[in-house]
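Now for the letters of each chain:
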Amino acid sequence: MKVFIILFWIEINKIKFKNINMASSFRIGTIMGIPILIHISFLIVLPLFALIFASAPVPYGFQDVQPVFLSYILSFITTILLFACVLLHELGHSYFAKRYGVKIQNITLFLIGGVSSMEEMPRNPSQEAKMAFAGPMVSFFIGFVLFILNFGITLLVASYADTPFYRLVGILATINIGLGVFNLIPAFPMDGGRILRAWFARKMNYVRATHNAAGVGKFFALLMALAGLLSNPWNLWLLLIAVFVYMGASSEERSTVITTTLENVLVRDLMSEDVVAVSPDMSIDELTQFMFKHKHMGYPVMEGNVLKGIITFTDVRNVPPIDRPAILVSDVMTRDVVSISPDASATDAFKLLTTKNIGRLVVMENDEVIGILSRTDLMHAMALLNE
Ligand SMILES: [Zn+2]
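Bear in mind that the values here come from a model prediction, so they are computed numbers and not experimental data. (Residues numbered from 1 in each chain as written. Predicted model: local features only at pLDDT ≥ 70, side-chain atom pairs only at ≥ 80, totals over all residues.)

Trainee: Help me out: how do you make sense of the pairing of strand β9 (residues 368-374) in this one?
Mentor: Here is the key point about a regular strand: its side chains alternate between the two faces of the sheet. Note that strand β8 (residues 360-365) and β9 share six bridges and pair antiparallel. The residue bridging R360 from the neighbouring strand is S374, located in β9. What sits between the antiparallel neighbours β8 and β9 is a turn of two residues, in which N366 has the positive phi angle 50°. (Pairing = 2+ DSSP bridges. Helix = DSSP H or I, 4+ residues; strand = E, 2+ residues; numbered from the N terminus.)

In structure tokens, the structure reads:
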């Protein structure tokens, strides 16, 4: 059990809800033009869920089904269909997102469900509310249709209620309703948190609305944790969900504050204009002296007026001191430089720095380097703007 908690914790930390590690996901197809990905954690869940359904008693499992292998087949099918329902829930969000012009990079199925990775949320409260509401509605719809299906067939063929298929449909119906209800809990990262923010956002600015919605989410998380600790024995699932909700609320608040604060600021206003460039023929030894003098951590590498690459302190540190006189800047510099236009917003710069995981961007205008924008520049701007 302890191992499981650790795995779960690592998983949550790695996902951080938005920046899903794409390297550990693989693509299974495309629906409505959106790539559908499966995270590797899903492969752990698949047999685990199948095992749970196979060993659970009536009416939530197939424990009584004979022969045993048939119970495993039924459990496996239930699990696959369950995740298909999760996918439909996500597609419900995506349908409205596309209608409101929000770009969706992908939908990823992972350990605790599905996540749609969107470029950004619509800022129009009624659009965000509809988009958030669409997912739970899909789940409720599937749940009710399946219940009606079971009920209808039983009326026609009374013995149907004794078949494993009746139970399979029943399990899926129950879980879908549960999924709809769970997602309406007014806490990030659940859909209810977004609906709540949209409600706040009609009366106040977006950052305040997010702050309030996140506060309600954290309060819910604490209640859940308390309920988990007070039950005897401790309810581990409740504690895990509490942690999940608390972290979701904090991360949503943080990223909203950053993106909205920097939104109306241009790269041009924050960049350092006195670009100190180095030549590709400089040795690493010479560059170290140069860095001491100029105190920047990264430099564009220029040959005349042409940008050849970028070299940072990390590149220098990777060269053993003994080799430094012989190795040139051009040998270790990064050649594919990530650049940005001076008229782009600082929010875009922030997203670029985080997604590419780099420290600085070269600001280019008409094929000419006119400045450098570093993470530190953005952090200083954030601090000043939030004063
Ligand atoms: Zn949802």
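Trainee: Could you clarify how one ought to interpret the nonpolar core in this entry?
Mentor: Where a protein is soluble and globular, its nonpolar side chains tend to be buried together. In this structure, L172, A187, A221, V245 and A249 are the most contacted members of the largest nonpolar core, which totals 43 residues. Put simply, the parts of the chain that give this core at least two residues each are β2 (34-39), α3 (68-99), β3 (104-110), α4 (125-156), α5 (164-183), α6 (191-201), α7 (206-230) and α8 (236-262). Looking at which element gives the most residues to this core, the answer is α4, with eight residues. Beyond its immediate sequence surroundings of up to four residues, A221 is in contact with A187, A242, V245, Y246 and A249. In this structure, V267, I340, A349 and V363 belong to the second largest nonpolar core, which totals 22 residues. (Core = buried A, V, L, I, M, F, W, Y, C linked by C-beta atoms within 7 Å. Buried ≥ 20, exposed ≤ 12 C-beta atoms within 10 Å, placed from the backbone. Contact = placed C-beta atoms within 7 Å.)

Trainee: What am I meant to see in the environment of K203 here?
Mentor: Position of K203 among the secondary structure elements: in the loop between α6 and α7. Separated by 51 residues in sequence, K203 and R254 place their C-alpha atoms 21 Å apart.

Trainee: What's the story with α3 in this structure? I'm lost.
Mentor: Side chains that are three or four residues apart share a direction in an α-helix, a result of its 3.6 residues per turn. If you check α3, its first and last C-alpha atoms are 47 Å apart, about what 32 residues at 1.5 Å a residue would give, namely 46 Å. In the stretch just after α3, G101 is the one whose phi turns positive, near 75°. (Expected span 1.5 Å × (residues − 1).)

Trainee: Honestly, the packing of α3 against α5 in this entry has me stumped. Any pointers?
Mentor: For any two helices packed against each other, one specifies the crossing angle of their axes together with the interaxial distance. With their axes 10 Å apart at the nearest point, α3 and α5 run at an angle of 30° to one another. Relative to α5, α3 is oriented so that their crossing is right-handed. Between α3, through L74, I77, T78, L81, L82, C85 and H89, and α5, the contact on the second element is made entirely by P164, L168, I171, L172, I175, N176 and L179. Within the contact of α3 with α5, the residues separate by chemical class into eleven nonpolar, three polar and no charged. (Axes fitted to C-alpha atoms, helices over the stretch in contact; angles between N-to-C directions. Left-handed = near helix turned anticlockwise from the far one by under 90°. Nonpolar A, V, L, I, M, F, W, Y, C, P; charged D, E, K, R; others polar.)

Trainee: When you look at unusual backbone geometry in this model, what are you seeing that I'm missing?
Mentor: It is generally the case that most residues other than glycine have a negative phi and that most peptide bonds are trans. Note that the residue after N232, namely P233, is joined by a cis bond; omega there is -5°. Residue position: P233 is located in the loop between α7 and α8. Positive phi outside glycine occurs at D367, with the angle close to 60°. Within the secondary structure, D367 sits in the loop between β8 and β9. For D367, a count of 9 C-beta atoms within 10 Å gives the class exposed.

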